Amino acid sequence: MSALHEQQCEACRADAPKLSDGEIQELLPDIPAWDVVTHGGIPILTRQFSFKNFADALTFTQSVGKLAEEYQHHPALTTEWGKVKVEWWTHKIKGLHRNDFVMAAKTDKL
Ligand SMILES: C[C@H](O)[C@H](O)[C@H]1CNC2=NC(N)=NC(=O)C2=N1
């Protein structure tokens, strides 16, 4: 199977199955810089990227936004001076889908 960042997002439907904890643990090693946190019972992939100023953080934010639009799968982005927090989860299933891991891997390649 191709590397995670080379894979495509599949059209995610409201009845798509959430990844199980075991499946999540299997996929995490492919995105070692990311953590899984839980907000309101929803597992979320999260990573903080550091930059030397706000302008660079904003440029990176734009790049992630472009990626999200390209694949129609969108993160939560928190942009501050020198850092951007990127959070991926699948809203319509209130959980993690393989798409979230694909998008996290693609984010690492930006
Ligand atoms: C209609 C549109 O494609 C859907 O609402 C998409 C948009 N982007 C999305 N992004 C994420 N992270 N989860 C979703 O369920 C989702 N749904």
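Residues numbered from 1 in each chain as written. Predicted model: local features only at pLDDT ≥ 70, side-chain atom pairs only at ≥ 80, totals over all residues. Heavy atoms only, no water.

An unreviewed UniProt entry annotates the protein chain as Putative pterin-4-alpha-carbinolamine dehydratase originating from Gilvimarinus xylanilyticus. The protein chain has a UniProt comment under Sequence similarities (unreviewed entry) that states "Belongs to the pterin-4-alpha-carbinolamine dehydratase family." Of the protein chain, the UniProt comment under Catalytic activity (unreviewed entry) reads exactly: "(4aS,6R)-4a-hydroxy-L-erythro-5,6,7,8-tetrahydrobiopterin = (6R)-L-erythro-6,7-dihydrobiopterin + H2O". (UniProt positions renumbered as here; feature names shortened; annotations may be inferred.)

As for its position among the elements, threonine 107 is in helix α3 (residues 98-108). The contact partners of threonine 107, leaving out residues within four places of it in the chain, are Trp34, Phe49, Phe60, Val64, Leu67, Val86 and Trp88. (Helix = DSSP H or I, 4+ residues; strand = E, 2+ residues; numbered from the N terminus. Contact = heavy atoms within 4.5 Å.)

With that out of the way, let us pick up the packing of aromatic side chains. Under the definition given, this model contains three aromatic pairs. Taken together, a centroid distance of 6.0 Å and an interplanar angle of 70 degrees make the contact between tryptophan 34 and phenylalanine 49 edge-to-face. Here phenylalanine 49 lies in strand β2 (residues 42-50) and tryptophan 34 lies in the loop between α1 (21-27) and β1 (35-39), a separation of 15 residues in the sequence. Taking relative accessible area as the criterion, tryptophan 34 reaches 4% and is therefore assigned buried. Accessibility expressed as a relative area gives 10% for phenylalanine 49, which makes it buried. Consider the rings of phenylalanine 51 and phenylalanine 60, whose centres lie 5.1 Å apart with planes at 40 degrees: the pair is tilted. Classification of phenylalanine 51 by relative accessible area gives partly exposed; the value is 23%. Ring-pair connections join several aromatic residues into one group, and the members of that group are Trp34, Phe49, Phe51 and Phe60. (Phe/Tyr/Trp six-rings, centres within 6.5 Å; stacked < 30°, edge-to-face > 60°. Buried < 20%, exposed > 50% of the residue type's maximum accessible area, 1.4 Å probe, protein only.)

The biggest cluster of nonpolar side chains holds 27 residues, and the ones touching the most others in it are Ile31, Trp34, Leu45, Val86, Trp88 and Phe101. Of all the secondary-structure elements, those providing two or more residues to this core are α1, β2, α2 (54-71), β4 (83-88) and α3. (Core = buried A, V, L, I, M, F, W, Y, C linked by side-chain atoms within 4.5 Å.)

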